Structure formats: structure tokens, C-alpha cells
Amino acid sequence: MNEEHREACASEFWRAMVREQMMPWALGEVDLGDDVLEVGPGFGATTDVLRERVRRLTAVEIDTELAASLAARLAGTNVEVITGDATALDFPVGRFSGATSFAMLHHVPSRALQDQLFSGVARVLCPGGVLVASDSLDSPDLRTFHRDDTFVPVNPVELPERLGAAGFVDIQVRENEFAWVAVAARDSTT
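This is a predicted model, so every value here is computed, not measured.

Brief notes about the pairing of strand E2 (residues 56-61)
Link 1 in the chain: By the criterion of burial, E2 is predominantly enclosed, with five of the six residues buried.
Link 2 in the chain: Here strand E1 (residues 35-39) pairs with E2 via five bridges, running parallel. Counted as the bridge partner of valine 39 is valine 60 from E2.
Link 3 in the chain: A crossover links E1 with its parallel partner E2, the connecting element being helix H3 (residues 45-50), and its sense is right-handed.

Examining the sheet that holds strand E7 (residues 179-186)
Either a parallel or an antiparallel arrangement is found when strands of a sheet pair, and the pairing is made through backbone hydrogen bonds.
Link 1 in the chain: Ordered in space as E3-E2-E1-E4-E5-E7-E6, the seven strands form an open sheet in which the pairing is mixed. A single partner strand is all that each edge strand has here, and the edge strands are strand E3 (79-83) and strand E6 (168-175). On average, each strand axis in the sheet is tilted by 15° relative to the strand beside it, whichever way the strands run.
Link 2 in the chain: Note that E6 and E7 share six bridges and pair antiparallel. Across the sheet, the residue bridging to arginine 174 is valine 181, located in E7.
Link 3 in the chain: Strands in contact with helix H4 (residues 64-73) are E2 and E3; relative to E3, the strand with the most contacts, it is inclined by about 160°.
Link 4 in the chain: Helix-sheet contacts for helix H5 (residues 111-124) involve E1, strand E4 (96-102), strand E5 (125-136), E6 and E7, and the interaxial angle to E5 is about 145°.

Thoughts on the nonpolar core
Link 1 in the chain: Core analysis: the biggest nonpolar cluster contains 28 residues, and Leu37, Leu89, Leu117, Val121 and Phe168 have the highest contact counts within it.
Link 2 in the chain: Looking at this core, the elements that each hand over two or more residues are E1, E4, H5, E5, helix H7 (159-166) and E7.
Link 3 in the chain: Examining the composition of this core, we find that five residues originate from one element, H5, more than from any other.
Link 4 in the chain: Counting 23 residues, the second largest nonpolar core, distinct from the first, contains Val18, Leu32, Leu57 and Val81.

Section: the pattern of salt bridges
Link 1 in the chain: Using the criterion set out here, one finds nine salt bridges in the structure.
Link 2 in the chain: With a shortest N-O distance of 3.0 Å, arginine 95 and aspartate 35 are connected by a salt bridge. Taken together, the residues span a long stretch of sequence, with arginine 95 in the loop between E3 and E4 and aspartate 35 in strand E1 at a distance of 60 residues.
Link 3 in the chain: Note that arginine 73 and aspartate 48 form a salt bridge whose closest N and O atoms lie 3.0 Å from each other. In this pair, arginine 73 sits in helix H4 while aspartate 48 sits in helix H3, placing the two residues 25 residues apart along the sequence.
Link 4 in the chain: Judged by relative accessible area, which is 10%, aspartate 48 ranks as buried.
Link 5 in the chain: In this structure, a network of salt bridges that share partners links the residues Arg15, Asp48, Arg51 and Arg73.

Description of the environment of phenylalanine 145
Link 1 in the chain: Mapped onto the secondary structure, phenylalanine 145 falls in helix H6 (residues 140-145).
Link 2 in the chain: Phenylalanine 145 sits 107 residues away from glutamate 38 along the chain, and the two C-alpha atoms are 24 Å apart.

Remarks on the packing of H5 against H7
Link 1 in the chain: Between H5 and H7, the least distance of the axes is 8 Å, while the angle of their chain directions is 50°. Our classification of the angle between H5 and H7 gives oblique. Of the two possible hands of crossing, H5 and H7 adopt the one that is right-handed. Two secondary-structure elements touch here, H5 through Arg111, Gln114, Asp115, Phe118, Ser119 and Ala122 and H7 through Leu159, Arg162, Leu163 and Ala166.
Link 2 in the chain: Its residues assigned to classes, the contact of H5 with H7 comprises five nonpolar, two polar and three charged.

Topic: H7
Link 1 in the chain: Where H7 is concerned, the buried positions are Leu159, Arg162, Leu163 and Ala166. Within H7, the buried residues cover an arc of 90° as seen down the axis, which keeps them to one side. Along H7, the residues that are exposed and aim more than 90 degrees away from the buried face are Glu161 and Ala165.
Link 2 in the chain: Residues of H7 that are buried in the fold lie against H5, E5, E6 and E7.
Link 3 in the chain: Looking at the residues trailing H7, positive phi occurs at glycine 167, about 110°.

The rules behind these values
Per chain, residue numbering runs from 1 following the sequence as it is written. Predicted model: local features are reported for residues with pLDDT of at least 70 only, side-chain atom pairs are reported and counted for 80 or more only, and whole-chain, interface and lining totals are derived from all residues. For the side-chain quantities, the full set of heavy atoms in the structure was used; hydrogens and water were omitted. Throughout, exposure labels follow a simple rule: accessible area from a 1.4 Å probe, protein chains only, divided by the maximum for the residue type, with under 20% read as buried, over 50% as exposed, and the rest as partly exposed. Helix and strand definitions here come from DSSP, where helices need a minimum of 4 consecutive H or I residues and strands a minimum of 2 consecutive E residues; each element is numbered from the N-terminal end. We call two strands paired when DSSP finds no fewer than two bridges between them. Look down the strands so they point away from you; if going from the first strand over the helix to the second traces a clockwise path, that crossover is right-handed. Whenever a helix is involved, its axis is fitted only over the stretch in contact; in every case the axis is a line through C-alpha atoms, and angles between N-to-C directions fall within 0 to 180 degrees. A contact between two residues is defined here by any heavy atoms of the two lying within 4.5 Å. Joining through side-chain atoms within 4.5 Å is the link that ties buried Ala, Val, Leu, Ile, Met, Phe, Trp, Tyr and Cys residues into a set, and such a set is a nonpolar core. Each salt bridge in this description consists of a side-chain nitrogen of Lys or Arg and a carboxyl oxygen of Asp or Glu lying within 4 Å of one another. Small angles under 35 degrees read as roughly parallel and large ones over 145 as roughly antiparallel, with 65 to 115 read as roughly perpendicular and the rest as oblique. For any helix crossing, the convention is left-handed if the near helix is rotated counterclockwise from the far helix by under a right angle, and right-handed if that rotation is clockwise. All amino acids are sorted into three groups, where Ala, Val, Leu, Ile, Met, Phe, Trp, Tyr, Cys and Pro are nonpolar, Asp, Glu, Lys and Arg are charged, and the leftover types, Gly among them, are polar. The reported arc concerns the directions from the helix axis to the C-beta atoms and nothing else.

Structure representation (C-alpha cells):
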């Protein structure tokens, strides 16, 4: 992330937006179960909301500094922070009851790696386990904000096909003016 982006994601303004707007809209009444995976927690604004809703939360963060900071801040809570790559998840098949990804997929450097992340998440979800993923809609302002940064936006129109290919069913995609959210279940027949 560029410096402006890092500052924005670490701000109290962002934390308030996540808690009051983004997470209620994205999660709604979705039941993620008791053992949830969060991919790409970053500074942990979404993690703070999720950990209040679930019994156990495992957060996988690729940035070693962010992961270490989040682990130290959440030590002794119901959150385990792991430094790792969400495109190469090292968990047993069917380990998690639910999974989430918020405002991070555009940082995955290619469509192929995004699809690998979707497939990996499906693999570690139990049959019928739910994925809730949300990210920003592409815009000129967002591209400017991500200058000198990884920015590979996900087209929400393509999500049903991409998530279906990864092993998800019952895929629902919604949009608002700024973002999309997808809710899908791991296929229980595979």
C-alpha cells in the first residue's frame, strides 16, 4: 500500500466507517458459524467487528508488520493472527464454518491469484460454510488513490461465474454506490 492508503486504513474515520456502514451492510444477518477465517485483515478494523460476532476468528495477513501489530494488539482474545498468503492457505480441508474478505481483494495482484484465493477459501470451508466478501467498485478516484499500489479491481458482474468455478453455490451479489458484497456457500455435494 502507498503511504496515503496506509494512513487512511489506519484512521479512526475508516474504523468508524467499517463498524457503522460497511460491516452491517455486508454481513447483514449472515451466520458465519463458530470458527471463522478472515483473509486480509490489514490494520484490523474488520477484525474488531468480526471478533464480536464469532467464537473463534483466524486472520491471515500477508504483510508481516501488519500481522505482527495485529497479533500483539489482539493477544489473549478470540483471534489468532497468522502471517500468510491467502492464495496459499495452509489449513485442513473443511476446517472453517465461515470465511470473510473485506476491502482487500483488489490488492491481490492478478485475477488468476484472486481465483486461487476463492478456490483455497472454498477448500478450507466446511460443506455449506459461508463466504462473505466485499470490495470497492472500480472508479477513477479509487485508481488515483491506489497510485504506486497494487490495484486489481474485481468486477461484481463476473463474481457468480468465478465463485461458482471455485466451488461455491447459492451466490448472491449486491452493490451500492461504492462497493459490492458477495455471499456464497461452499458446495456441499463436493
